[in-house]
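# Summary of the model geometry
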Amino acid sequence: MTVIKKLLKNIKDLIDQKKFKELKEYCQSYFGYLDDSLVYNYHGIACLNLKLFNEAEKSFLNAIKIGNKNKIKNNIQIFKNLIITQTLLEKHTENENIIKEIIEPYLDDYFLIENLFKSNNFTKNSSETFILNLIVKKKITDHNSFVFIFKVLNNLIRVRYDNIINDYLANLETNKNNKYEAAVLAYFFFQIQNYEKASYYLNFDNIYLDQSVKFKCLAICKRYNNEKISAYRNYIRYFLLTKNPEILLPISGMFKFNHEKYHTLKILKKISQNNDDNSLSQYYFGLAKIEEDRKNFKKSQSFLKDANFYKRKNMNIDLYKIKEELFLYRKSFNKLFYNKFCNNGLKDAKPIFILGLPRSGSSLVEQIISSHSKVNGYGELKVFNNILKYFFNIFSKDNFEKDIKNLNEALIKKIGQIYIDQVSKMKNSANTIFTDKMPFNFYYLGLIKTVFPESKIIITKRNLKDNFVSIFKNYFGDDGLSFAYSEDDIIKYFSLYVEHINFYNKEFENAFYILDYDDLVENFEVKTKDLLNYCDLDFEESCINFYKSKNLITTLSTNQVRKKVYTSSKKIFQNFDYQSSYQELDKIEKEINF
């Protein structure tokens, strides 16, 4: 066995056994004897695990230096190890420079794009032009170059570099030459929800996309543009190619079904070959919607049982963990925390946070507010959650509490500034007022109030029995609502939610705007004016005529908020027989203090 092979075997054994102290000493024994970048890389890994970050950084830099001296291409993983280490050392400028130096051949590597994005948040530098210039140089002439640029743009979407994507697509539109470029334009205009342009390119001859993908994307584009007949036809084309019955769910949301169409789709189901749990769940949710439209509520409830059964089969939810997490947030981000740090928050920033249980009217509220000429509606942003995970170890109670103890005034300001900077990178707009309606932001209510003491926080509420039924009869895709497919899980989640909001409503002495959905639809104009007044916005007719707005809605409420306000969704629970659940919900309703 060669020296290198023996070395690697021994190193692997030590890593498998997590003996990092021994690994550090073992690698050190080869310093000066074996001039190999691998020795320094693994020494750095040992130091990293032992939290000797400065020593780890030195080892990774030595590994790179040796690789350069020996004129061999350094393993990209060594650079990644160095980036991780320098992030822990808060050497953001160094990180940014390293990534820019090595990234060109690795633009399809999400780790590098993500860390460049994180470094920019601290250095205040903009890498948008730098990255744009790199990807514009990449020509798309065959399958391999198509796959490469596809991965690059997906990475940029994941970190929300919307401006780069828009600029790149605009450049590509000017110079498009082939079916590969048409496919990139079609798919990524679709991804950034420019459905009009996506439809245009999806209809190109010989576009380099699988036909089933093309028809499904076209169907979704037409659906969001309210071209229902065209959407229906494309869903059917997709079905005929894939035999996937999931199409019944979006179709059932677009139409009140007549007898003929209903039986056509039942026949399509019989010849379906794709019976995975997720597709079946969507199919049964679709059938339930059809039967509800036809006033066959008992049959609808039977289909809902099947729909939720198939979806719940593959869901993993730990409500006890959620309970512990919410308790930890209440314990940490309370009024004492607010009083200590609120003067360090961003007082000039006034985002509008819209919180509430799913299906409690938050999409309607956002559509009303974002129809105002001075407001941008950004939908369900994951920004605050991502920042929290970056600064706090939310997966360990002990480490989280240590992070809270180490929190200082500068970090509070930094959290707020990073949030504002990240949101500002997402859209091109002159408006400085925007809405964030991520429902799970209610977890961090105390921190949000501290970081943005002048923010507007709207909490939507709805009759819990109506809210329960509206959740149980809907398919939420991959939106993280793992509690939504079991009666017991929904009730337990509601109880945790009410306990959390009760605490903060009492703690902050009614500092939030509580908007009851039933009140809103019954007294629409009065409540809308009151809502706008709370947000320090003048009344505009466009807010009353919100359903005419072209704002994009990507939640389940897209059909509802394209119509005038209606009251038919009140008392929907009376159509369904979930009596034991209703009794539990009545108990929770009595505990609400907001």
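Coordinates for the structure precede this section.
Structure report, in brief.

### Examining unusual backbone geometry
Keep in mind that most residues, glycine aside, have a negative phi and that most peptide bonds are trans. With a phi angle near 60°, N206 is a residue other than glycine that sits in the positive phi range. Despite not being glycine, K295 shows a phi value in the positive range, around 65°. Residue placement: K295 occurs in the loop between α17 (277-293) and α18 (297-312).

### Digging into the nonpolar core
Within the largest apolar cluster, 91 residues are counted, with the highest numbers of intra-cluster contacts made by F392, Y419 and L447. Of the residues forming this core, the biggest block, 9 residues, is contributed by helix α27 (residues 487-507). When residues no more than four places from it in sequence are discounted, the contact partners of Y419 are P351, F353, L381, V383, F384, I387, F434, D436 and F452. Grouped together as the second largest cluster of nonpolar side chains are 76 residues, C47, L48, F117 and I131 included.

### What about the pattern of salt bridges?
Two side chains that carry opposite charge are able to pair once their charged atoms sit near each other. With the rule as written, the count across this model stands at 23 salt bridges. In this structure, the salt-bridge partner of E499 is R330, at a minimum N-O distance of 3.5 Å. A residue pair is termed long-range when its members are at least 10 positions apart, and E499 in helix α27 and R330 in helix α19 (residues 319-332) qualify at 169 residues. Assessed through its relative accessible area of 40%, E499 is described here as partly exposed. Its relative accessible area of 9% is what places R330 among the buried residues. Notably, a salt bridge pairs D586 with K465, separated by 3.1 Å at the nearest N-O pair. Of this pair, D586 sits in helix α31 (residues 579-591) while K465 sits in helix α26 (residues 464-472), and the two are 121 residues apart along the sequence. Its relative accessible area of 30% is what places D586 among the partly exposed residues.

### A look at the layout of surface pockets
Quantified by volume, the second largest pocket comes out at close to 1,100 Å³. If you trace the second largest pocket, you find 26 residues lining it, with L88, Y390, F391, N393 and D403 closest to the centre. Of all the secondary structure elements, the ones that give two or more residues to the lining of the second largest pocket are α5 (76-88), α7 (110-123), α22 (383-391), α23 (397-405) and α24 (409-424). Looking at the lining of the second largest pocket, the element that brings in the most residues is α7, giving 4 residues. Split by residue class, the lining of the second largest pocket holds 11 nonpolar, 7 polar and 8 charged.

What counts as what
Residues numbered from 1 in each chain as written. Predicted model: local features only at pLDDT ≥ 70, side-chain atom pairs only at ≥ 80, totals over all residues. Heavy atoms only, no water. Helix = DSSP H or I, 4+ residues; strand = E, 2+ residues; numbered from the N terminus. Core = buried A, V, L, I, M, F, W, Y, C linked by side-chain atoms within 4.5 Å. Buried < 20%, exposed > 50% of the residue type's maximum accessible area, 1.4 Å probe, protein only. Contact = heavy atoms within 4.5 Å. Salt bridge = Lys/Arg side-chain N within 4 Å of Asp/Glu carboxyl O. 1 Å grid on protein atoms, 1.4 Å probe; cavity = no way out; pocket = protein on both sides within 12 Å on 5 of 7 lines; lining within 4 Å. Points joined across faces, edges and corners; volume = space filled by probe spheres on them. Nonpolar A, V, L, I, M, F, W, Y, C, P; charged D, E, K, R; others polar.

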